[in-house]
Amino acid sequence: MTDLAVEVRGLRRVYQARRGAPEARTALDGIDLDVVPGQIHGLLGPNGAGKTTLVKILSTVLLPTEGTARVLGYDVVEHRQDVRTRIGTVFGSERGLYARVSVRRNLLFWASLYGLSGRVGRHRTEQLIERVGLAERADDRVEELSKGMVQRVHLARGLIGDPRMVFLDEPTTGLDPVAALDFRALLGELLAEGRTFLLTTHDLDEAAALCAEVTVIDRGTLLMTSNVRDVGRRLAAPDRVDFDAEDNMVLEKLRGSGLVNGVSELDKPGRYRAEATSKESLTSVIRLLADEGITSLSTSPPTLEEVYLQLVGDRGMAV
Amino acid sequence: MSGMNQAPTHRFWLPNRGVLVQSIALGIAEFRTFYTLRAWLAGWFVRVLAQVAFFASIGLLLHSKDQVRYLLVGNAVALVCLEATVVVLTMAAERFQGTLELLATSPVGPVTVLLGRGLNWVLTGVVSSALTLTLLLLVFGQTLSVPGLLGCLPVLLLIGLTSHFYGSALGAITLRFPRVEWMVLNVGFMMPMTLSGVNVPVSFWPTPLAALAQVFPVTHGLAAIRTILSGGSMSHALGQAALEPMVGMGWLVIGALLYRRMVESSRRRGSLGLF
Ligand SMILES: Nc1ncnc2c1ncn2[C@@H]1O[C@H](COP(=O)(O)OP(=O)(O)OP(=O)(O)O)[C@@H](O)[C@H]1O
Ligand SMILES: [Mg+2]
């Protein structure tokens, strides 16, 4: 038995052709993934990468076509019942709640499905309503709530069974920045209680802020799993240096030096970024700039966003 | 939110009482969002009264008080089946609103999930049937006794539950074949409506059909109600009524097995969350 919260090996999922979908689609093509307990693991990737498919397999909604997946040590196919009692799932959409009835009614019902009925169920419901900050709106119908509030109801629903492992599929999509921040703060608290989260998101800042590790997938294959702090080092790309320059002479000199792949202007006028061809040439670039009297320079490893863009490629809206 | 508790162990056949209580509460809360008492009386109830009165008036055409009574009782009792089988639509809605995949992957067993969906329709169905029966028996100048009517109530409940299980089994089919729920509901309801002694006695049908009628909801319960209302022997009525829940249990077993099959094949196909 393993101590990993999630252990995925060679996971494949093919959606067979059927009426309305004439071609078979490989959504996951041999994915491996380890999620260490007690942390938030980010799952990144462009639209159609297979993130939701992976989350659905792990939460026993979908069966894998090939490969294995274990959640908290239990196989999602063989021991699905053991998995189901221990996990919570939050799919980030309008669906999945009884829209016409109140927040409280929804949560009481879901509590009962997790074996919490009567006084215990009511207690847990009130606790969660309080926790996600919906005490004032608990008697409102779900359909009357704003998107951010609905998202909190989803989270409360996902937590109702007091799960050790929680799957969050784009939980902050459509939230305003303040609501998203609140949501993140709440996740932080929940994490401190010893839960493990697998979070899919398109928000790279969010992933960088919340996750200890991130996994990037695209077209059903794994591109990278990395510790967020070291993510920049994973990139084969050379380091870069940002600097201020008043005249173009310096830029020309740099470009002609053979030390850089390129020089580009940053958002701020007069501020540039030079990408060194290698770690060694970075030192020479800095010396060259210093010789030109430029002192306002800084170096930085690539951010998660840059790593992501390089990995996934800049394919815009193409999926 | 202190200790990480363990949800109860999965029991395939054992229904979970807490879930049933919450299901009914949820169903009633949903029901009340589209029906106030007045809207229910003015809308649904008037409609079913008219429907039953229409069939009963065929008896008037035949100048037979007995025919009026036969049709009236049959059609009034059929109402509870009509309403309880609406669970087919409740299950379709479950898929539509994305709660099905969450229900199907929650820790409770399928029997609990199936039993819980749309139980509220059983309750309102009993009310529709009982009120219609009483009112129209009075309107059409038929004899009726209070003990007789009271005796019908538990039997109506039995018919309602049996119809609920029957509807749930039909609903399970729609999980795999969505978008046919209206057809399934209509065909499903027409079977007992035609075969179960609502408008013509079961014995009217050729033997194979009469035999088939035995496994549909309404047949046995309605026979018991006719016995009770005509002041027949209590033990005879009990014997007839006792068959109704047996039919119900049969449909429950079929429904639970079908539901499990449909959920598993949807998990394989990836269509559990689709509609
Ligand atoms: N039920 C389904 N039937 C058929 N194909 C599906 C189904 N669900 C997903 N797919 C396909 O599988 C691929 C992966 O989809 P998935 O929803 O897992 O991507 P995703 O990473 O969650 O994307 P997004 O960021 O847009 O949510 C896509 O090509 C999608 O069209
Ligand atoms: Mg997705």
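The rules behind the values
- Residues numbered from 1 in each chain as written.
- Chains lettered and ligands numbered in written order.
- Predicted model: local features only at pLDDT ≥ 70, side-chain atom pairs only at ≥ 80, totals over all residues.
- Heavy atoms only, no water.
- Helix = DSSP H or I, 4+ residues; strand = E, 2+ residues; numbered from the N terminus.
- Rg over C-alpha atoms; globule rule 2.2 N^0.38 Å.
- Buried < 20%, exposed > 50% of the residue type's maximum accessible area, 1.4 Å probe, protein only.
- Contact = heavy atoms within 4.5 Å.
- Buried area = accessible area lost by both parts, 1.4 Å probe.
- Salt bridge = Lys/Arg side-chain N within 4 Å of Asp/Glu carboxyl O.
- Polar contact = N/O pair within 3.5 Å; in protein donor to acceptor, adjacent residues only side chain to side chain.
- Near = heavy atom within 4 Å.
- Areas by Shrake-Rupley, 256 points an atom, 1.4 Å probe, with all protein chains shown as cover.
- Pairing = 2+ DSSP bridges.
- Axes fitted to C-alpha atoms, helices over the stretch in contact; angles between N-to-C directions.
- Phe/Tyr/Trp six-rings, centres within 6.5 Å; stacked < 30°, edge-to-face > 60°.
- Expected span 1.5 Å × (residues − 1).
- pLDDT = per-residue confidence, 0-100.
- Disulfide = S-S within 2.5 Å.

Peer 1: Help me out: how do you make sense of the overall build of chain B in this one?
Peer 2: In terms of regular secondary structure, chain B is built from twelve helices and zero strands. The helix and strand sequence of chain B, counted from the amino end, reads α-α-α-α-α-α-α-α-α-α-α-α. What you see for chain B is a C-alpha radius of gyration of 20 Å, in line with the 19 Å of a compact globule of 275 residues. When the backbone C-alpha atoms are referred to their principal axes, chain B occupies close to 70 × 45 × 35 Å. Counting the 275 residues in chain B, one finds 55% classified as buried. Once local pairs closer than 6 in sequence are excluded, the contacts in chain B between residues at least 24 apart make up 80%.

Peer 1: Would you mind showing me how to read the interface of chain B and chain A here?
Peer 2: Note on interface size: it is often stated as the accessible area lost on association of the parts. The partner chain A presents 46 residues to the 43 residues of chain B that form the contact. Buried area between chain B and chain A, both sides added, is near 4,100 Å², and the carbon and sulfur share of it is 56%. At the junction of chain B and chain A, the tally comes to three salt bridges. Close ionic contact of E30(B) with R100(A) constitutes a salt bridge, the shortest N to O distance being 4.0 Å. At the junction of chain B and chain A, the tally comes to twelve residue pairs in polar contact (both at pLDDT 80 or more). Mapped onto the side of chain B that touches chain A, the elements with two or more residues apiece are α1 (17-34), α4 (87-96), α5 (100-104) and α12 (234-269) of chain B.

Peer 1: How do you make sense of the site of ligand 1 when you look at a structure like this?
Peer 2: Within the structure, ligand 1 sits among 16 residues, and G48(A), K51(A), T52(A), T53(A) and H202(A) are positioned closest to it. Neighbouring residues of ligand 1 are not confined to one chain but are distributed across chains A and B. One nitrogen or oxygen atom from the side chain of N47(A) is found 2.9 Å from an oxygen atom belonging to ligand 1. Between ligand 1 and E170(A) there is a distance of 3.3 Å, counted from an oxygen atom to a side-chain nitrogen or oxygen. When ligand 1 is considered free in solution it has 640 Å² of accessible area, and contact with the protein chains removes 73% of it. At the level of secondary structure, the elements contributing two or more residues to the shell around ligand 1 comprise β2 (25-35) and α1 (51-58) of chain A. No other element matches α1(A), which puts three residues into the shell around ligand 1.

Peer 1: Would you explain the pairing of strand β1 (residues 6-15) of chain A in this entry?
Peer 2: Taken residue by residue, a regular strand's side chains alternate between the two faces of the sheet. All names here are of chain A. Sheet topology note: the β1/strand β4 (residues 66-71) ladder contains five bridges and is antiparallel. Pairing of V8 across the sheet is with A69, part of β4. Taken together, the eight bridges between β1 and β2 define a ladder with antiparallel strand orientation. Residue L11 lies in a different strand from β2, and its bridge partner there is I31.

Peer 1: What exactly am I supposed to notice about the sheet that holds strand β9 (residues 213-218) of chain A here?
Peer 2: Two pairing modes exist for strands in a sheet, parallel and antiparallel, and in both the strands are linked by backbone hydrogen bonds. Residue and element names in this part refer to chain A. With respect to topology, six strands assemble into an open sheet ordered β6-β7-β8-β3-β9-β10, the strand pairing being mixed. Of all the strands in the sheet, just β6 (87-91) and β10 (221-227) have a single pairing partner and so form its edges. Going from strand to strand, the sheet's axes swing by 15° on average, the running direction of each strand aside. Where strand β3 (residues 40-44) meets β9, four bridges bridge the pair, whose relative direction is parallel. Residue pairing in the sheet places L44 in a bridge with V216 of β9. Against the sheet, helix α10 (residues 304-312) touches β3, β9 and β10, its axis set at about 25° to β9.

Peer 1: Sorry if this is basic, but what is going on with the pattern of salt bridges here?
Peer 2: Pairs can form between side chains of opposite charge once their charged atoms are near each other. Residues and elements named next belong to chain A. Under the counting rule described, the total for this entry stands at 26 salt bridges over all chains. One salt bridge in this structure joins D162 and R124, with 3.8 Å as the shortest N-O distance. Placement of the pair is D162 in the loop between α5 (147-159) and β7 (165-169) and R124 in helix α4 (residues 118-131), with a sequence separation of 38 residues. Taken as a pair, D162 and R124 share a single burial class, namely buried.

Peer 1: For this particular structure, what's the right way to read the packing of aromatic side chains?
Peer 2: Residues and elements named next belong to chain B. One pass over the structure, following the stated rule, counts 15 aromatic pairs over all chains. On the numbers, 5.7 Å between centres and 85° between planes, the contact of Y166 with F216 is edge-to-face. Pair noted here: Y166 is in helix α8 (residues 146-176) and F216 is in the loop between α10 (207-213) and α11 (219-229), with a separation of 50 residues, a long-range link. Here Y166 and F216 have matching classes, each one buried. A connected cluster of aromatic rings, assembled from ring pairs, spans F31, F34, Y35 and W121.

Peer 1: So what exactly am I meant to see when it comes to α12(B) here?
Peer 2: Helical geometry note: an α-helix holds 3.6 residues per turn, so side chains three or four residues apart project in the same direction. Counted at 1.5 Å a residue, the expected span for α12(B) with its 36 residues is 52 Å, and the 52 Å between its end C-alpha atoms agrees. Of the residues one or two after α12(B), G270(B) is the one with positive phi, at around 80°.

Peer 1: Which parts of the structure should I look at to understand the sheet that holds strand β5 (residues 74-75) of chain A?
Peer 2: Residue and element names in this part refer to chain A. Spatially, four strands are ordered β2-β1-β4-β5 in an open sheet, and the strand pairing comes out antiparallel. A single partner strand is all that each edge strand has here, and the edge strands are β2 and β5. Contacting β1, β2 and β4, α1 crosses the sheet at an angle of about 115° to β1.

Peer 1: Got a minute to help me understand the confidence of the model for chain B in this structure?
Peer 2: For residues with low pLDDT, the predicted coordinates do not support detailed interpretation. All names here are of chain B. Residue-level pLDDT values for chain B average 90, and 95% of them are 70 or greater. Considering only residues more than four positions removed or in separate chains, one finds that residues 1-6, a stretch of pLDDT under 50, has 20 contacts. Overall fold confidence (pTM) sits at 0.85, and the ipTM for the predicted complex is 0.88.

Peer 1: I tried to follow the state of the cysteines on my own but got confused; where do I start?
Peer 2: Cysteine pairs can be covalently joined through their sulfur atoms, and such a bond is termed a disulfide. Residues and elements named next belong to chain B. Taken as a whole and assessed by the stated rule, the structure comprises zero disulfides over all chains. There is no disulfide at C81, and the cysteine sulfur nearest it, in C152, is 16 Å away. Overall, the relative accessible area of 1% leaves C81 in the buried class.

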